Amino acid sequence: MEIFGDGGARLEFSAYDAGAGELAHIVEAGAMQRALWQVLATQANVVLRSPAACASLAREGKRWRLALADGSAVTASLVVGADGRDSWVRGEAGIGAKLEPYGQSGVVANFATERAHEATACQWFREDGILAYLPLPGNRISIVWSAPQALADELVALAPAALAERVAAAGHGRLGRLEPITPAAAFPLAVMEVERLAVDGLALAGDAAHAVHPLAGQGVNLGFGDARVLAALVRGREIFRAPGDATVMRRYERARREDILAMRLVTHGLQRLFSLPGRVPAAVRNLGLNFTDGLGVVKNLLIRQALG
Ligand SMILES: Cc1cc2nc3c(=O)[nH]c(=O)nc-3n(C[C@H](O)[C@H](O)[C@H](O)COP(=O)(O)OP(=O)(O)OC[C@H]3O[C@@H](n4cnc5c(N)ncnc54)[C@H](O)[C@@H]3O)c2cc1C
């Protein structure tokens, strides 16, 4: 993984140097969703209700009642709201959320590359946003360009070939010529904090519970962390306790708060640091990148932390 500052600084993370098999896995969201769907569909103890549209969610005694638009209803002692940043479940449960838009959109697209990417991810902190090249199998990459809104609008409006040229130039021609594989799409970026991660009988997970800037590529990992902790707590609940028992929910909240806060602070802080205009902030952040690059121990610590 190579990271470039906006003033010539460079920071490299190497799996080999860290004695790790790899720094990260990059999985296309669609492939992951298909795999998860297949697993769900083959579980004997899972009833899938799809397609379905939710109509209302209300607490009835010690259970939640989810009414569907087709007139049917489901009741449960535990509801998990994993329905994304604009979570409907969160709204129905009356859990407040503070959303702070970055005034940027993440522009994403896939390209075929002229040169091999050698399984290396690159990220450039630029004056006009943050550009990441993420290696995919073969000579293909996925990009995320977190760009100020006006530039994001301009990028998605470009013809595919013109966008490819622009992305290749922004990446200093590192992978040679780029050829578009998918059209570009843009997603508005924001940081979001929720009042509560859980209330009696209801837990939020994934982006419904937290949204962070994608510069660290950790959004999905945070959600997987939620799922892992919640599953362990529900499985290990004391006998006679319902899965959504208040004690279990409080433990979930306590167990996840720190990880979520740390990721929000790191991504928000870096985003702010690299958005500051002027020569002094630029000198400081580039010095910081170069300095970190020279400190093997610190780099290994960062890698260990990122590998969990
Ligand atoms: C530009 C960009 C780049 C990113 N890059 C990375 C990256 O490289 N690595 C990484 O880890 N993360 C990345 N992220 C973050 C990642 O996309 C999110 O963290 C992740 O998608 C969150 O997953 P989720 O399942 O919680 O929510 P979502 O992906 O938002 O999924 C929510 C699901 O709930 C469904 N839903 C919503 N409302 C309802 C309803 N009322 N009824 C039924 N279904 C409903 C939606 O249809 C959707 O399928 C990126 C984000 C952006 C914007």
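Please refer to the structure higher up on the page.
A short tour of the structure in this document, coming up. The residue numbering used here restarts from 1 in each chain and proceeds along that chain's sequence as written. Selection of residues for local features in this predicted model requires a pLDDT of at least 70, selection of side-chain atom pairs for listing and counting requires 80 or more, and totals for whole chains, interfaces and linings are taken over all residues. Each side-chain value is worked out from all heavy atoms of the structure, with water and hydrogens disregarded.

### Section: the overall build of the protein
Looking only at helices and strands, the protein features nine helices and 15 strands. Note that the radius of gyration is over C-alpha atoms, with the globule rule given as 2.2 Å times the number of residues to the power 0.38. Taking 19 Å as the expected radius of gyration for a compact globule of 308 residues, we find that the protein reaches 22 Å, a close match to that expectation. Its C-alpha atoms put the protein at 60 × 45 × 35 Å along the principal axes. Here the protein, with 308 residues, has 37% of them falling under the buried criterion. Here, two residues are considered to be in contact whenever any of their heavy atoms come within 4.5 Å of each other. Across the protein, contacts joining residues at least 24 apart in sequence account for 65% of those joining residues at least 6 apart. The protein chains shown are the only cover counted for residues, whose accessible areas, like all others here, come from Shrake-Rupley with a 1.4 Å probe. Split by element, the accessible area of the protein, about 17,200 Å² in all, is 58% carbon and sulfur. With 32 positive and 31 negative side-chain charges, the protein shows a spacing of 6 Å between the two charge centroids. Only runs of H or I of at least four residues qualify as helices and only runs of E of at least two qualify as strands under DSSP, and these elements are numbered from the N terminus. Whether a residue is buried, partly exposed or exposed follows from its accessible area with a 1.4 Å probe, protein chains only, as a fraction of its type maximum: under 20%, in between, or over 50%, in that order. The charged-residue count follows a simple rule in which Lys and Arg add positive charge and Asp and Glu add negative charge, with His and chain termini not counted at all. The location of each charge is read from NZ of Lys, CZ of Arg, CG of Asp or CD of Glu.

### A short note on the packing of helix H6 (residues 219-235) against helix H7 (residues 246-273)
In contact at an axis separation of 10 Å, H6 and H7 are set at 160° when each is read in the N-to-C sense. Here H6 is positioned roughly antiparallel relative to H7, judged by the angle of their axes. In this structure, the crossing between H6 and H7 has a hand that is right-handed. On H7, the residues that touch Leu-222, Gly-225, Asp-226, Val-229, Leu-230, Leu-233 and Val-234 of H6 are Val-248, Met-249, Arg-251, Tyr-252, Ala-255, Arg-256, Asp-259, Ile-260 and Met-263. Among the residues making up the contact of H6 with H7, the classes are represented as 11 nonpolar, one polar and four charged. Working convention: axes come from line fits to C-alpha atoms, limited for helices to the stretch in contact. Angles between N-to-C directions cover 0 to 180 degrees. Oblique is the label for any angle not under 35 degrees, not over 145, and not in the 65 to 115 range, which are roughly parallel, roughly antiparallel and roughly perpendicular in turn. Crossing handedness: left-handed means the near helix sits turned counterclockwise from the far one by under a right angle, and right-handed means the same turn made clockwise. Here the nonpolar group is Ala, Val, Leu, Ile, Met, Phe, Trp, Tyr, Cys and Pro; Asp, Glu, Lys and Arg are the charged ones; every other residue, Gly included, is treated as polar.

### So, the pattern of salt bridges
Salt bridge, as used here: a side-chain nitrogen of Lys or Arg that lies within 4 Å of a carboxyl oxygen of Asp or Glu. Taken as a whole and judged by the stated rule, the model has 16 salt bridges. Linking Asp-6 and Arg-285 is a salt bridge whose minimum nitrogen-to-oxygen distance equals 2.6 Å. Of the two residues, Asp-6 is situated in the loop between strand S1 (2-4) and strand S2 (10-12) and Arg-285 in helix H8 (residues 279-294); the sequence distance between them amounts to 279 residues. The closest approach of N and O atoms between Arg-126 and Asp-128, which form a salt bridge, is 2.7 Å. Through salt bridges with shared partners, a single ionic network connects Glu-2, Arg-10, Glu-12 and Arg-174.

### Some details on the site of the ligand
Taken together, 16 residues lie around the ligand, and Asp-83, Asp-207, Gly-217, Gly-219 and Val-220 are the ones closest in. By the criterion applied in these results, polar contacts are pairs of N or O atoms within 3.5 Å in which, for protein atoms, one can donate a hydrogen and the other can accept it, and in which residues neighboring in sequence qualify only through two side-chain atoms. Gly-217 places a main-chain nitrogen or oxygen 3.2 Å from an oxygen atom of the ligand. Alone, the ligand offers 1,000 Å² of accessible surface; in the complex the protein occludes 53% of this. For the shell around the ligand, the secondary structure elements donating two or more residues are strand S7 (97-113), strand S12 (185-194) and H6. Throughout this document, a residue counts as near a molecule or strand when at least one of its heavy atoms sits within 4 Å of that molecule or strand.

### As for the packing of aromatic side chains
Centres within 6.5 Å are what make two rings of Phe, Tyr or Trp a pair, Trp counting through its six-membered ring; a difference in plane orientation under 30 degrees is then read as stacked, over 60 as edge-to-face, and the rest as tilted. Inspection of the entire model under this criterion finds three aromatic pairs. Residues Phe-4 and Trp-124 carry aromatic rings whose centres are separated by 5.5 Å and whose planes lie at 15° to one another, so their mutual orientation is stacked. In this pair, Phe-4 sits in strand S1 while Trp-124 sits in strand S8 (residues 122-126), placing the two residues 120 residues apart along the sequence. We classify Phe-4 as buried; its relative accessible area is 16%. Ring centres of Phe-125 and Phe-274 lie 3.9 Å apart, and the angle between their planes is 25°; this geometry places the pair in the stacked category. Note that Phe-125 is positioned in strand S8 and Phe-274 in the loop between H7 and H8, a separation of 149 residues in sequence. Grouping residues by exposure puts Phe-125 and Phe-274 together as buried.

### Concerning the sheet that holds strand S13 (residues 198-199)
One key point about sheets: their strands pair by backbone hydrogen bonds, in either a parallel or an antiparallel sense. Pairing is mixed in the open sheet, where three strands are placed in the order S6-S14-S13. Edge positions in the sheet fall to strand S6 (79-81) and S13, since each of these pairs with one other strand and no more. Pairing of S13 with strand S14 (residues 202-204), which is carried by two bridges, proceeds in the antiparallel orientation. By the bridge assignment for S14, Val-199 is matched with Leu-202. When DSSP finds two or more bridges between two strands, those strands count as paired.

### Regarding H6
One less than the number of residues in a helix, times 1.5 Å, gives the span that helix is expected to have. Here H6 is 17 residues long and its end C-alpha atoms lie 25 Å apart, about the 24 Å a rise of 1.5 Å per residue gives. For H6, the full list of buried residues reads Leu-222, Gly-223, Gly-225, Asp-226, Val-229, Leu-230, Leu-233 and Val-234. Projected down its long axis, H6 shows its buried positions confined to an angular sector of 155°, all on one face. Exposed side of H6, more than 90 degrees from the buried face: Arg-228 and Arg-235 are the residues found there. In the core, the buried residues of H6 are packed alongside S6, S14, strand S15 (210-211) and H7. Note that the arc is computed from the directions linking the helix axis to the C-beta atoms.

### Concerning unusual backbone geometry
Residue Ser-50 is joined to Pro-51 through a cis peptide bond whose omega torsion reads 0°. Within the secondary structure layout, Pro-51 lies in the loop between helix H2 (29-41) and strand S3 (54-60). Its identity as a non-glycine residue notwithstanding, Glu-118 has a phi of 50°, on the positive side. Despite not being glycine, Ala-119 has its phi angle at roughly 50°, a positive value. In this fold, Ala-119 is placed in the loop between S7 and S8.

Geometry only, nothing functional implied.
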